[in-house]
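Residue strings, one per chain:
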Amino acid sequence: MFDSPVPPGTGWPGDPATSRTAVAETPAQVEAMASAVKTLEELDAEVSVCRACPRLVEWREQVAAVKRASSRGQRYWGRPIPGWGDANPRVLILGLAPAAHGGNRTGRIFTGDRSGDVLFASLYRCGLAAQPTSTAAGDGQRLIGARMVAAVRCAPPVNKPSVTERDTCAPWLEAEFTLVARSVRVIVCLGGFAWQAAWPMLRAAGFAVPRPRPKFGHGSEVTLAGPGGPGDRVLLLGCYHPSQQNTFTGRVTPAMLDEVFGRASSAAA
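These numbers come from a predicted model, not from an experiment. Numbering of residues starts from 1 in each chain and follows the order in which that chain's sequence is written. Only residues with pLDDT of at least 70 are given local features in this predicted model, and only at 80 or more are side-chain atom pairs given and counted; all residues enter the totals for whole chains, interfaces and linings. Excluded from the side-chain calculation are hydrogens and water; included are all heavy atoms of the structure.

A. The sheet that holds strand β3 (residues 146-150), seen in detail. Two strands form a pair only when DSSP identifies at least two bridges running between them. Under the DSSP-based scheme used, a helix requires at least four consecutive residues in state H or I and a strand at least two consecutive residues in state E, with every element numbered from the N terminus. Sheet architecture is open: 6 strands sit in the order β1-β3-β2-β4-β6-β5, paired in mixed fashion. The two strands at the open ends of the sheet, each matched to only one other strand, are β1 (84-85) and β5 (221-225). Both strand β2 (residues 91-95) and strand β4 (residues 186-190) contribute to a ladder of 4 bridges, which runs parallel. Across the sheet, Leu92 pairs through a bridge with Ile187, a residue of β4. Contacts are assigned to residue pairs that have any heavy atoms within 4.5 Å of one another. Simply put, an axis is a line fit to the C-alpha atoms, just over the touching stretch for a helix, and the angle between two N-to-C directions goes from 0 to 180 degrees. Packing against the sheet, helix α6 (residues 163-180) makes contact with β2, β3 and β4, and its axis sits at approximately 170 degrees to β3. Of the strands in this sheet, β2, β4, β5 and β6 (233-239) touch helix α7 (residues 192-204), which is tilted by about 165 degrees from β6.

So, in structure tokens, the structure goes:
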């Protein structure tokens, strides 16, 4: 049993932090700490205890303490969500932010909510996930040659982070991509917010970013040259976000997700 939010280093499955992990309290501290990290393990730990955005800290912890009726007896993670998956991914999946009662509850992005149900079923069919469901940290799920990250690491009110919150969190994303960029061949952006967040992330890692920036759309493709020479390229793919609204209205279907992730898997091979 755990308190909600979960204190770092108390045994939650996959918790990368301890009670001694350094905590970023301001945007300036986020930038300084992100620029200094040397490993994914260090980055994940520091991300998971960040407190640089007061509105997001208040919201994620309020949700974790109050809970929703169907989860009243469960413990909530209630902290920022670090990246998750292969440490040397060929496919990077970039989302918006954790859901209040999904990742903010389970401690893993796209885990424990309906968006994740649809997403992981597609990843499984396309050979990028070991199981068709992702319900909780420690459930045996693993990504295959892929890593999943969020542009904003805390659950935001009404799923809408502010521009300031996006920019405050950006150094974490840029640091994570820099650490894995050598192996990444494909980036799948889930939604327009992730598409926009990808450009400064790519630029920070030395990739040539086109101007004007290509528009987001489902199935959009852009190939970008990296800093390592002619063979250093990454394919950016757009994919509608598998939100409940999008899946319920048919804006995005399982077949549409399979098309994008099938393309990502084949391009990364």
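Additional details are given in the paragraphs that follow.
B. Structural context of the packing of aromatic side chains. Stacked, tilted and edge-to-face are the three classes applied to pairs of Phe, Tyr and Trp rings, where Trp contributes its six-membered ring and a pair requires centres within 6.5 Å; stacked means planes under 30 degrees apart, edge-to-face means over 60, and tilted covers the rest. Within this structure, the stated rule accounts for 6 aromatic pairs. Through a chain of ring-to-ring contacts, three or more aromatic side chains come together here, namely Trp195, Trp199, Phe216 and Tyr240. Its guanidinium or amino end placed over the ring of Trp77, Arg79 lies 4.0 Å from that ring's centre, counting from NZ or CZ. Distance and angle both matter: a charge sits over a ring if NZ of Lys or CZ of Arg is within 6 Å of the ring centre and within 35 degrees of the ring normal.

C. Expanded view of the pairing of β5. To sort residues, take the accessible area from a 1.4 Å probe on protein chains only and compare it with the maximum for the residue type: under 20% means buried, over 50% means exposed, and anything in between is partly exposed. Here β5 shows a clear split, with Val222 and Leu224 buried on one side and none of Glu221, Thr223 and Ala225 buried on the other. As defined by bridge partners, β5 adjoins β6 across 5 bridges and the pair is classed as antiparallel. Each bridged residue has a counterpart across the sheet, and for Val222 the counterpart in β6 is Leu236.

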